[in-house]
Amino acid sequence: NAGVMQNPRHLVRRRGQEARLRCSPMKGHSHVYWYRQLPEEGLKFMVYLQKENIIDESGMPKERFSAEFPKEGPSILRIQQVVRGDSAAYFCASSIQGDYGYTFGSGTRLTVV
Amino acid sequence: TQLLEQSPQFLSIQEGENLTVYCNSSSVFSSLQWYRQEPGEGPVLLVTVVTGGEVKKLKRLTFQFGDARKDSSLHITAAQPGDTGLYLCAGESGRRALTFGSGTRLQVQP
């Protein structure tokens, strides 16, 4: 009974490169959420997706960031032309519709050098 | 914009002491959740409170949701070193995306 799987766990990118973060939700969960956490801070909501639909992307920067949750395969958070300020831990969570509890993955720690 | 303020931000206590962490907002939430996060890991859900005035107990941890559903507290009795970690409260509103507090970093010294 695998939980929420995120990969890679650690990602190093040079400024200007692209970063792709993947998230496979728990089995049976059709709702995926992405959050960003800066050091010593709480998590900030970025985007909420269901299969093939973006439900709420109000927390995502308008430029360089995009997210998808295709019919088959994991959810992808894509950051184009990364900058130093993108360095953070990115967490994915999933839930069953109508369930109050969210299960988080272990996160991807992005470092931009 | 909904905000959740947690206090204190840092807490260092001796094993066996009691402590309370507070989570306050001017906004009403449909539910409030408490998580614990270990270094290098994602948050792990401890409890969800839904009804105003609700009290839930999880062994030595007691969670309370305010009557107006704007605030919550976490009380730990006889803290142990294993309780060390980052405690996060998170409120859920109609759009079902969580609003997180900034966290309380607890250290329990043996």
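Rules used throughout
- Residues numbered from 1 in each chain as written.
- Chains lettered and ligands numbered in written order.
- Predicted model: local features only at pLDDT ≥ 70, side-chain atom pairs only at ≥ 80, totals over all residues.
- Heavy atoms only, no water.
- Disulfide = S-S within 2.5 Å.
- Helix = DSSP H or I, 4+ residues; strand = E, 2+ residues; numbered from the N terminus.
- Buried < 20%, exposed > 50% of the residue type's maximum accessible area, 1.4 Å probe, protein only.
- Polar contact = N/O pair within 3.5 Å; in protein donor to acceptor, adjacent residues only side chain to side chain.
- Contact = heavy atoms within 4.5 Å.
- Buried area = accessible area lost by both parts, 1.4 Å probe.
- Salt bridge = Lys/Arg side-chain N within 4 Å of Asp/Glu carboxyl O.
- Pairing = 2+ DSSP bridges.
- Core = buried A, V, L, I, M, F, W, Y, C linked by side-chain atoms within 4.5 Å.
- Phe/Tyr/Trp six-rings, centres within 6.5 Å; stacked < 30°, edge-to-face > 60°.

Engineer: How should I be thinking about the state of the cysteines in this particular structure?
Structural biologist: Two cysteines whose sulfur atoms are joined by a covalent bond form what is called a disulfide. All names here are of chain A. What the rule picks out here adds up to 2 disulfides over all chains. A sulfur-sulfur separation of 1.8 Å characterises the disulfide bridge that pairs C23 with C92. The disulfide joining C23 to C92 has a torsion of about -55 degrees about its S-S bond and is therefore left-handed. With a gap of 69 residues between them, C23 in strand β3 (residues 19–24) and C92 in strand β9 (residues 88–95) connect regions that are remote in the sequence. Like C23, the residue C92 is buried in the burial classification.

Engineer: Sorry if this is basic, but what is going on with the side chain of S75 of chain A here?
Structural biologist: Positionally, S75 of chain A belongs in strand β8 (residues 75–79). At 2.9 Å, the side chain of S75 of chain A and the backbone oxygen of E68 of chain A are in polar contact.

Engineer: Is there a simple way to think about the interface of chain A and chain B in this case?
Structural biologist: The parts lose accessible area when they come together, and the size of an interface is often stated as this lost area. Contact with chain A, which involves 25 residues of that partner, is made by 23 residues of chain B. Taken together, both faces of the contact between chain A and chain B bury some 1800 Å²; the carbon and sulfur share is 46%. Summed over the shared surface of chain A and chain B, the number is 1 salt bridge. Notably, a salt bridge pairs R9 of chain A with E41 of chain B, separated by 3.7 Å at the nearest N-O pair. On the surface where chain A and chain B come into contact, there are 6 residue pairs in polar contact (both at pLDDT 80 or more). Of all the secondary-structure elements, those providing two or more residues to the side of chain A that touches chain B are β4 (31–37), β5 (43–50) and β9 of chain A. A total of 4 residues in the side of chain A that touches chain B trace back to one element, the largest contributor, which is β4 of chain A.

Engineer: Is there a simple way to explain the pairing of strand β11 (residues 104–109) of chain B in this structure?
Structural biologist: For a regular strand, the rule is simple: side chains alternate between the two faces of the sheet. Residues and elements named next belong to chain B. Alternating residues of β11 divide into T104, L106 and V108, all buried, and R105, Q107 and Q109, none buried. Inspection of the sheet shows strand β2 (residues 10–14) paired to β11 by 5 bridges, in the parallel sense. Directly across from L11, in β11, lies its bridge partner L106. As paired strands, strand β9 (residues 85–92) and β11 are joined by 3 bridges and run antiparallel to one another. Each bridged residue has a counterpart across the sheet, and for Y87 the counterpart in β11 is T104.

Engineer: Hey, could you run me through the nonpolar core in this one?
Structural biologist: The nonpolar side chains of a soluble globular protein tend to be buried, and buried together. The biggest cluster of nonpolar side chains holds 23 residues, and the ones touching the most others in it are W34, M46, L77 and Y90 of chain A. Sorting the residues of this core by element identifies β3, β4, β5, β7 (65–68), β8, β9 and β11 (108–112) of chain A as the ones contributing at least two each. The residues touching L77 of chain A, leaving out its near neighbours within four places in the chain, are A19, R20, L21, W34, M46, M60, S66, A67 and Y90 of chain A. With 20 residues, the next largest nonpolar core counts F29, V47, L74 and Y87 of chain B among its residues.

Engineer: It is not clear to me how the packing of aromatic side chains should be interpreted in this structure. Could you clarify?
Structural biologist: Two numbers describe a pair of aromatic rings. These are the distance of the centres and the angle of the planes. A full pass over the atoms with the stated rule returns 9 aromatic pairs over all chains. Seen in terms of ring centroids, Y35 of chain A and F104 of chain A are 5.8 Å apart; in terms of plane orientation they differ by 50 degrees. Their pairing is tilted. Here Y35 of chain A is found in strand β4, whereas its partner F104 of chain A is found in strand β10 (residues 103–104), with 69 residues between them in sequence. Overall, Y35 of chain A belongs to the buried group, its relative accessible area being 0%. Aromatic pair W34 of chain B and F63 of chain B: ring centres 6.4 Å apart, planes at 45 degrees, arrangement tilted. Separated by 29 residues along the polypeptide, W34 of chain B in strand β4 (residues 31–37) and F63 of chain B in strand β7 (residues 61–65) bring together distant segments of the chain. Across this residue pair, the class does not change: W34 of chain B and F63 of chain B are buried. A connected cluster of aromatic rings, assembled from ring pairs, spans Y35, F45 and F104 of chain A together with Y35 and F100 of chain B.

Function cannot be read off these values alone, since they describe shape.
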